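Here is what each chain is made of, one letter per residue.
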Amino acid sequence: MKPRMIVTASLLATVAAVLLLVAIQTLHIRTWGGENVQPVSASQHPVQLTEDNLVDVLSTMKLSTPIARVEWKQSILTLDLKVTGTSTSYTEIYGNMAAVADLGFRSLENVEQVMLRVMAEDEWLHKRHLLLAADFRRGEWPMYAIETLRDWNSPVLSDELKDWFHMMETELWKKQFEMSSQG
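Residues numbered from 1 in each chain as written. Predicted model: local features only at pLDDT ≥ 70, side-chain atom pairs only at ≥ 80, totals over all residues. Heavy atoms only, no water.

Caption draft 1: Focus on the overall build of the protein chain. Along its length, the protein chain carries six helices and five strands. When the elements of the protein chain are put in sequence order from the N terminus, they spell out α-α-β-β-α-β-β-α-α-β-α. Counting only residues that meet the buried cut, the protein chain has 32% of its 183 residues in that class. When the accessible area of the protein chain is evaluated, it comes to approximately 12300 Å², of which 58% is carbon and sulfur surface. (Helix = DSSP H or I, 4+ residues; strand = E, 2+ residues; numbered from the N terminus. Buried < 20%, exposed > 50% of the residue type's maximum accessible area, 1.4 Å probe, protein only. Areas by Shrake-Rupley, 256 points an atom, 1.4 Å probe, with all protein chains shown as cover.)

Right, here's the structure in full:
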């Protein structure tokens, strides 16, 4: 054999070996799960929210404020988050709001709108007061908007966030941070 033919043959054998190894690895991952083995119940696709799985789906969120009220009706998820006392920071609240939006629009395929209220509860008087409200609507904001809200580091919301998420701040919310910035 000529040296050129030996080089060509060894090159073809190397390429064939690499392709064979890739095919074996792909087959292994597809049939056995490879290193990414997940339980049969694990889902890679967005979930359909229903009355039957509402509690299970919402319990997957890691929120620092409890859910006070929830309603699921005709592709609209309505939630009230309850804040008690003054120990919850605005960054936690914005993070919780982002977590709800993230769940509603990245993990659930049949949610078209999330209506979210952040309520303060006066434990002495047993009264609830609205602090913030948001109306998240699918397709009305860029996907990075959720991360922007999650990472927002000021009690004053930007006009973009307010527009994207139809957010409204009450005077009580604004007062809370005026007083804390003065003291």
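Caption draft 2: Layout of unusual backbone geometry. Unusually for a residue other than glycine, Gln 74 sits at a positive phi of about 45°. Position of Gln 74 among the secondary structure elements: in the loop between strand E1 (67-73) and strand E2 (76-84). The exposed category is assigned to Gln 74, whose relative accessible area is 71%. The backbone of Ser 75 sits at a positive phi, close to 70°, despite the residue not being glycine. Assignment of secondary structure puts Ser 75 in the loop between E1 and E2. Using a relative accessible area of 23% as the deciding quantity, one classes Ser 75 as partly exposed.

Caption draft 3: Up close: the packing of aromatic side chains. The final tally for this structure, using the stated rule, is six aromatic pairs. Measuring from ring centre to ring centre gives 5.4 Å for Phe 105 and Trp 141, while their planes differ by 75°; the resulting arrangement is edge-to-face. With Phe 105 in helix H3 (residues 90-107) and Trp 141 in the loop between strand E4 (127-137) and helix H4 (144-150), the pair connects residues that are 36 residues apart, well separated along the chain. By the burial criterion, Phe 105 is buried, and Trp 141 matches it. Between Tyr 144 and Trp 164 the ring centres are 5.6 Å apart and the planes differ by 90°, which places this aromatic pair in the edge-to-face class. Of the two residues, Tyr 144 is situated in helix H4 and Trp 164 in helix H5 (residues 159-165); the sequence distance between them amounts to 20 residues. Overall, the relative accessible area of 51% leaves Tyr 144 in the exposed class. Relative accessible area serves as the criterion here: at 12%, Trp 164 is assigned to the buried category. Three or more aromatic residues joined by ring pairs make a cluster, and in this case those are Phe 105, Phe 136, Trp 141 and Phe 165. (Phe/Tyr/Trp six-rings, centres within 6.5 Å; stacked < 30°, edge-to-face > 60°.)

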